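Residues per chain are reported as follows:
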Amino acid sequence: MSLGHQLIKEQLFFRKELKERVFWFIKLRWIAIAGAALCSYALFFLEPGLPVFPMIILILGVAFYNILFLFTWLRLKSFPSERVRPFEIFAHIQIVFDLVAYLFFIFLTGGIQSPFLIFVIFHIILAGILLSPVSCFIISGLVVLIFAGLMALEHTTGLPRPPGFFQNTLLTGDLEFPGALFVFLILAAFILISAFLTTSIKLSLRVKGRELLKVSKALEISNAKLMTLYEMVKEMGSLYDLQKLMDTATRNSAVITGVKGCSIKLLDEKREKFSSSYGLSEDDIAKEAINSKKEGMAAVMCLPLKVKTLLLGDICFYSEAPLFFDAEDKVFFSLIADLTALGIETINRELNKSWFLAKAAHQLRSPMNAIHTMLDMLQKGFQGPVSEKQKETLNRCNTRIKLLGDMIHDLLKIGMRRTETNHSGVLPVDITLLLQKLTDLYSPRALEKNITLTLQTAADIPRIYADEQLLDDLFSNLISNALKYTPEKGEVRIAVSMEDHCRIKFQISDTGIGIPEEDLPNLFSEFFRSENARAFTENGTGLGLVIVKEALDILKGTMAIESTLGQGTCFTCRFPVGSASRQPPLCR
């Protein structure tokens, strides 16, 4: 999974630099044209013998081809980012045209003794930056040869001597041998050394840039992997179904690591058995053996699923590419294995705890019912006369027994919910009708406390696809809590409406005792009750909101709570109108 070769091959950063510099070269040329025009205008007055007219023709020619270059750039700009070759050719053409124009300018301003001769270094530097080292040295060599030709022509009087204005300037001196050779060697060395230094620095910077790009790309990929892993852990943390957790782990692990397939085997009676797979053949899974040739696997890495010293099984990653896994992959895959093992162990522990609670609650139900029946018989005098003091004691016992019965009922409900591996009882539910039935059910309790209980439903509420029992648990617990913690002559309002085309908003507000702000984070903890709730009434198991939260999680819903101490509380639940496979087209 090494990135180096592909990353260096692409050189995205330097491609972008080339495209930007090509346009920058066009803008720079306009500055040079303006400078040359001003220089020609000044020299017209300083040196009457200077060939100004040919210089003006040359400047106009440069301006003309720069306009053509500008139009060419506008067309090249729309090319895809991976097409860098046209920009390289375009850069070569610009530099060649500029050098030809520049050499004509040198010829017109004094030949080898022109004071503008030194500016050729800018083209060498630009060629070294924009072009390959070979192209830069070729251009430098051509410049040296052309200057050698100019010197030879001047030495043989093939060209006229420069005007008087350029006599005794930068490279004035004896053009006879060996003076001319000395001047030429200095100029050639200056050009070639400049080309060497420019290309050396550019190559050094590019090597460092490639290394930086490799590190940056590796960090980006690592960050993307960790973010995806974080989302995977979040998703696994919201699951109570072991099979769904393992399926999520194999699917996400394959996607994160880029392998062809992934499988989890759990120990079953001291032997490993396929429990979940992704990207593998169902036949091989059924036979509990992977056919490498059939699956096209060339490399496999298996890691144990362990929590401390407890071995749960293993997780395997399958690749189609040979030698796909390296040391870094092993470290990352080990992290996935550890997180998956923790998730599996957490669910197993929760399932065992829920099984124990359900079993214990089930075993307690019968004796609790028997105790309640016997207390009722005593209270009604079937076993003989009962004094008022004894009746008071029996009433308190009945209250406690009823509270304990409610707790056993809630524990059974939570245990069954958590150990349930399939919540697929999805049917169309008329939520308006369901809420109306619940309102009618709780109206007598509201009348006992002289509480106003109102239901407001929007007209556009559709039938939703969900488990009706989940919705019943959700709504009944919230309505029951609102009535329980609202004083006499209070008000409880229920409202349901469409949040948008995809989600329903259920809201229940009361004028009750409210919830202290510091207790809000603990509301969904098992057996938790606020101090003001305990003081207000003894009734309450501390499990109602746990049931609400777990029902919402299964329904893929969310909850918001607003509460003011002594003034009331508002619970707002939002959940989709259907399961993932039954969402309306606009919501998918």
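Everything that follows concerns the structure shown earlier in this document.
Here the structure is a predicted model, which is why all the values come from computation and not from measurement.

Draft legend 1. How the structure looks around the state of the cysteines. On inspection of all chains with the given rule, the structure shows 1 disulfide. In this model, Cys 302 is linked to Cys 316 through a disulfide, with the two sulfur atoms separated by 2.0 Å. On the S-S bond that ties Cys 302 to Cys 316, the torsion sits near 110°, and the link is right-handed. Highlighted residues: Cys 302 in strand β3 (residues 299-307) and Cys 316 in strand β4 (residues 310-319), separated in sequence by 14 residues. Since its relative accessible area comes to 3%, Cys 316 is described here as buried.

Draft legend 2. Seen up close, the nonpolar core. Membership of the largest hydrophobic core comes to 48 residues, with the highest contact counts inside it found for Val 143, Phe 147 and Ile 191. Where this core is concerned, the elements lending two or more residues are α2 (12-46), α3 (52-76), α4 (85-108), α5 (120-130), α6 (133-155) and α7 (179-237). Tallying contributions element by element places α4 first for this core, with 11 residues. The next biggest cluster of nonpolar side chains, apart from the first, holds 37 residues, and it includes Leu 483, Leu 545, Cys 573 and Val 577.

Draft legend 3. Structural context of a nonpolar patch on the surface. There is a patch of nonpolar side chains on the surface, built from Phe 137, Leu 192, Ile 193, Phe 196, Leu 197, Ile 201 and Leu 205 and spanning about 680 Å² of accessible area. By the secondary structure assignment, Ile 201 is in helix α7.

Draft legend 4. Structural detail: helix α14 (residues 468-484). A rise of 1.5 Å per residue sets the reference length of α14, with its 17 residues, at 24 Å; its end C-alpha atoms lie 24 Å apart and thus fit the reference within 8%. Counted residue by residue, α14 has 13 buried out of 17 residues, so it is predominantly covered. Residue Asp 467 occupies the N-cap position of α14, its side-chain oxygen lying 3.0 Å from the main-chain nitrogen of Gln 469.

Draft legend 5. Quick peek at the packing of aromatic side chains. Evaluation of the coordinates by the stated rule reveals 7 aromatic pairs. Measuring from centroid to centroid gives 5.7 Å for Phe 69 and Phe 97, while their planes differ by 80°, and the two rings are edge-to-face. One end of the pair, Phe 69, is in helix α3; the other, Phe 97, is in helix α4, with 28 residues separating them in the sequence. When its relative accessible area of 40% is taken as the criterion, Phe 97 is described as partly exposed. Each residue in the set Tyr 65, Phe 69, Phe 90 and Phe 97 is aromatic and connected to the rest through ring pairs, giving one cluster.

How each quantity is defined
- Residues numbered from 1 in each chain as written.
- Predicted model: local features only at pLDDT ≥ 70, side-chain atom pairs only at ≥ 80, totals over all residues.
- Heavy atoms only, no water.
- Disulfide = S-S within 2.5 Å.
- Helix = DSSP H or I, 4+ residues; strand = E, 2+ residues; numbered from the N terminus.
- Buried < 20%, exposed > 50% of the residue type's maximum accessible area, 1.4 Å probe, protein only.
- Core = buried A, V, L, I, M, F, W, Y, C linked by side-chain atoms within 4.5 Å.
- Patch = residues over 30% accessible without salt bridge, like charges linked within 9 Å, V, L, I, M, F, W, Y side chains within 5 Å.
- Areas by Shrake-Rupley, 256 points an atom, 1.4 Å probe, with all protein chains shown as cover.
- Salt bridge = Lys/Arg side-chain N within 4 Å of Asp/Glu carboxyl O.
- Expected span 1.5 Å × (residues − 1).
- Polar contact = N/O pair within 3.5 Å; in protein donor to acceptor, adjacent residues only side chain to side chain.
- Phe/Tyr/Trp six-rings, centres within 6.5 Å; stacked < 30°, edge-to-face > 60°.

On their own, these measurements won't tell you what the molecule is for.
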